[in-house]
Amino acid sequence: GIQVEQSPPDLILQEGANSTLRCNFSDSVNNLQWFHQNPWGQLINLFYIPSGTKQNGRLSATTVATERYSLLYISSSQTTDSGVYFCAVGGGADGLTFGKGTHLIIQP
Amino acid sequence: DGGITQSPKYLFRKEGQNVTLSCEQNLNHDAMYWYRQDPGQGLRLIYYSQIVNDFQKGDIAEGYSVSREKKESFPLTVTSAQKNPTAFYLCASRRGTGGYEQYFGPGTRLTVT
């Protein structure tokens, strides 16, 4: 099956810093999503981005499907950005394959 | 409010007992999914259903069973055959057309002792 690798596994930053999270995947995909998992376990949809670039406030994402990677950018980090960020990919109507996540800690 | 609900939030069972986790959605989505998350790990697919009365096994279906009798409901039964049932279980749904984006419920934490 498809493999998903996220890096870095852990990231500690000061409030106000910028960060880039990476997701590599091993095969072509029709679905790529970025999620933020909050401390209560809820998965919050950040981006649905099988290709191209999208922006939402301080967050943006880019997927280069031909090179099988996606990047999530967080600018001007806030403590509320802390948590685990997951990349998940899929062929379409089937389920998603998740990476192991990037654990982000933003210190005040 | 439109959304996905899972109940209960926390569930405790003794080893050897079957337990059923509820997942309901009022988004009129066609497809529904069950995932399992272990500590420090990503989610893994258990079962999914594209339409009523039809479902497919995911990557880790052994020891689980599902039904899809209604479009809005997709209950998951964790049977006594599941060797390591303690985990966080999340349900998701997706519209049938117009893209593949999945949306998740709040999850159920199951502890089996």
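Check the entry above for the structure.
Residues numbered from 1 in each chain as written. Chains lettered and ligands numbered in written order. Predicted model: local features only at pLDDT ≥ 70, side-chain atom pairs only at ≥ 80, totals over all residues. Heavy atoms only, no water.

(A) Spotlight on the layout of surface pockets. There is about 520 Å³ of room inside the largest pocket. Lining the largest pocket are 25 residues, and of these Ile2, Leu96, Thr97 and Phe98 of chain A together with Asp59 of chain B lie nearest its centre. Elements that contribute at least two residues to the lining of the largest pocket include exactly strand 1 (4-7), strand 9 (83-90) and strand 10 (97-98) of chain A together with strand 5 (43-51) of chain B. In terms of residue count, the dominant contributor to the lining of the largest pocket is strand 5 of chain B (four residues). (1 Å grid on protein atoms, 1.4 Å probe; cavity = no way out; pocket = protein on both sides within 12 Å on 5 of 7 lines; lining within 4 Å. Points joined across faces, edges and corners; volume = space filled by probe spheres on them. Helix = DSSP H or I, 4+ residues; strand = E, 2+ residues; numbered from the N terminus.)

(B) Quick peek at the sheet that holds strand 7 (residues 59-64) of chain A. Residues and elements named next belong to chain A. Spatial ordering of the open sheet is given by 1-3-8-7-6, a layout of five strands whose pairing is antiparallel. For this open sheet the edge positions go to strand 1 and strand 6 (52-56), each flanked by a neighbour on one side alone. Ignoring strand direction, the axes of neighbouring strands in this sheet form an average angle of 15°. One ladder, built from six bridges, connects strand 3 (residues 19-25) with strand 8 (residues 69-74); its direction is antiparallel. Looking at the pairing, leucine 21 lines up with leucine 72 of strand 8. (Pairing = 2+ DSSP bridges. Axes fitted to C-alpha atoms, helices over the stretch in contact; angles between N-to-C directions.)

(C) Spotlight on the pattern of salt bridges. Residue and element names in this part refer to chain B. If you walk through the whole model with that rule in mind, you get four salt bridges over all chains. Between aspartate 30 and lysine 71 there is a salt bridge; the shortest N-O distance is 3.2 Å. Of the two residues, aspartate 30 is situated in the loop between strand 3 (19-25) and strand 4 (31-37) and lysine 71 in the loop between strand 7 (64-66) and strand 8 (76-78); the sequence distance between them amounts to 41 residues. A relative accessible area of 31% places aspartate 30 in the partly exposed class. Where aspartate 38 meets arginine 44, a salt bridge forms, and the shortest distance between an N and an O atom there is 2.8 Å. Looking at aspartate 38, the relative accessible area reads 16%, which means it is buried. Judged by relative accessible area, arginine 44 falls into the partly exposed class, the value being 40%. (Salt bridge = Lys/Arg side-chain N within 4 Å of Asp/Glu carboxyl O. Buried < 20%, exposed > 50% of the residue type's maximum accessible area, 1.4 Å probe, protein only.)

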